[in-house]
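Take a look at the letters that make up each chain.
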Amino acid sequence: MWIYEKKLEYPVKIKNKNPKMAKYIITQYGGPDGELAASLRYLSQRFSMPTEEAKAILNDIGTEELAHLEIVGTMVFQLTKGVPPDVLEKMGLGAYYSDHDHAVYPVSASGVPFTAAYIQSKGDPIADLHENLAAEQKARATYENLINLADDPDVIDPLRFLRAREIVHFQRFGEALGIVQEKLGQKKFYMSKPKEEKLAESNKEAYGLKK
Amino acid sequence: MVKEREKLLREIMAYDFAAIDMQLYLNTHPHDVRAISLHNCYVNRSRILKDMYERLYGPLTASSPYPRYPWKWIESPWPWEYQ
Ligand SMILES: [Fe+2]
């Protein structure tokens, strides 16, 4: 379970409105490499993790991503608060305003609503942890794009914090992958599914050795 | 008073963040004695500051040990409202 603490993980205090920037930043709220996807991915995958370290790391990073979701939502909220509809429209948020007014809704920068199809939970810890390593790199790259688009230090500062966290998460997932690989032993792990003979068969097929 | 309140809250946020970062590290390095003592140091410092904050300004969690009348939990600012 979770208990709410009335604070952010990192402070957000944006003085100047900038709806255009909000339209870009919202992609880390509900976009393909965003914090909602990250949290949902890790909190779902944790159930099928095989080691104590991996369960803990997925549980706790999944939880931290919820705090990041809140930071990103706060940024979008503060960047658009009280901005009149005609200004939103000029800044490219006319369509968003039609559907959501000034509310925060999980969409990508291009306006695609959030979907669970962004994530995978494969029941194969090696596959899942590799997905997570890639996800952290994609999130880091997105934050770098957002930092390149931003010019307000109030906006850049929390974006830099979030970018740095993706690098730490990548590091921790790498360590978890090492631990999982070591504990299971690659060979033994693949024995369980699919069976060794079936693997050999499919290899033959792939190399065109099977008649 | 608003300034003082925010200053204290930021200090709590900093210690809690340091603790979270250590926590993640320890999840993959559970035998690092120095990291465990650092983690515990951050957590203890945060607890002392949180206790001080909740006495002075109101609850950080709904289960704060200083319940007052009227119900203080609903009071603004919420975390997204420091602008
Ligand atoms: Fe992350």
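These notes cover the structure that comes with them. (Residues numbered from 1 in each chain as written. Chains lettered and ligands numbered in written order. Predicted model: local features only at pLDDT ≥ 70, side-chain atom pairs only at ≥ 80, totals over all residues. Heavy atoms only, no water.)

**As for the interface of chain A and chain B**
Here comes step 1: With 32 residues of chain A at the interface, the matching set in chain B holds 30 residues.
Here comes step 2: Buried area between chain A and chain B, both sides added, is near 2600 Å², and the carbon and sulfur share of it is 60%.
Here comes step 3: For the chain A face of the interface with chain B, the top three residues by lost area are Lys6, Lys7 and Lys13 of chain A, together amounting to 29%.
Here comes step 4: Counting across the interface, chain A meets chain B through four salt bridges.
Here comes step 5: Here aspartate 21 of chain B makes a salt bridge to arginine 165 of chain A, at a shortest N to O gap of 2.9 Å.
Here comes step 6: On the surface where chain A and chain B come into contact, there are 13 residue pairs in polar contact (both at pLDDT 80 or more).
Here comes step 7: Breaking the side of chain A that touches chain B down by element, the ones donating at least two residues are α4 (52-80) and α7 (153-184) of chain A.
Here comes step 8: For the side of chain A that touches chain B, the leading source of residues is α4 of chain A, giving 10 residues.
Here comes step 9: Residue classes in the side of chain A that touches chain B are distributed as 15 nonpolar, three polar and 14 charged. (Contact = heavy atoms within 4.5 Å. Buried area = accessible area lost by both parts, 1.4 Å probe. Salt bridge = Lys/Arg side-chain N within 4 Å of Asp/Glu carboxyl O. Polar contact = N/O pair within 3.5 Å; in protein donor to acceptor, adjacent residues only side chain to side chain. Helix = DSSP H or I, 4+ residues; strand = E, 2+ residues; numbered from the N terminus. Nonpolar A, V, L, I, M, F, W, Y, C, P; charged D, E, K, R; others polar.)

**Points about the pattern of salt bridges**
Here comes step 1: The final tally for this structure, using the stated rule, is 18 salt bridges over all chains.
Here comes step 2: Where glutamate 5 of chain A meets lysine 50 of chain B, a salt bridge forms, and the shortest distance between an N and an O atom there is 2.9 Å. With glutamate 5 of chain A in the segment before α1 (19-25) and lysine 50 of chain B in helix α2 (residues 33-56), this pair bridges two chains.
Here comes step 3: A relative accessible area of 25% places glutamate 5 of chain A in the partly exposed class.
Here comes step 4: For lysine 50 of chain B, a relative accessible area of 18% gives the class buried.
Here comes step 5: Salt-bridge contacts for lysine 50 of chain B lead to aspartate 16 of chain B; the nearest nitrogen and oxygen are separated by 2.9 Å. Here the residue lysine 50 of chain B occupies a position in helix α2, and aspartate 16 of chain B occupies one in helix α1 (residues 2-28), the gap between them amounting to 34 residues. (Buried < 20%, exposed > 50% of the residue type's maximum accessible area, 1.4 Å probe, protein only.)

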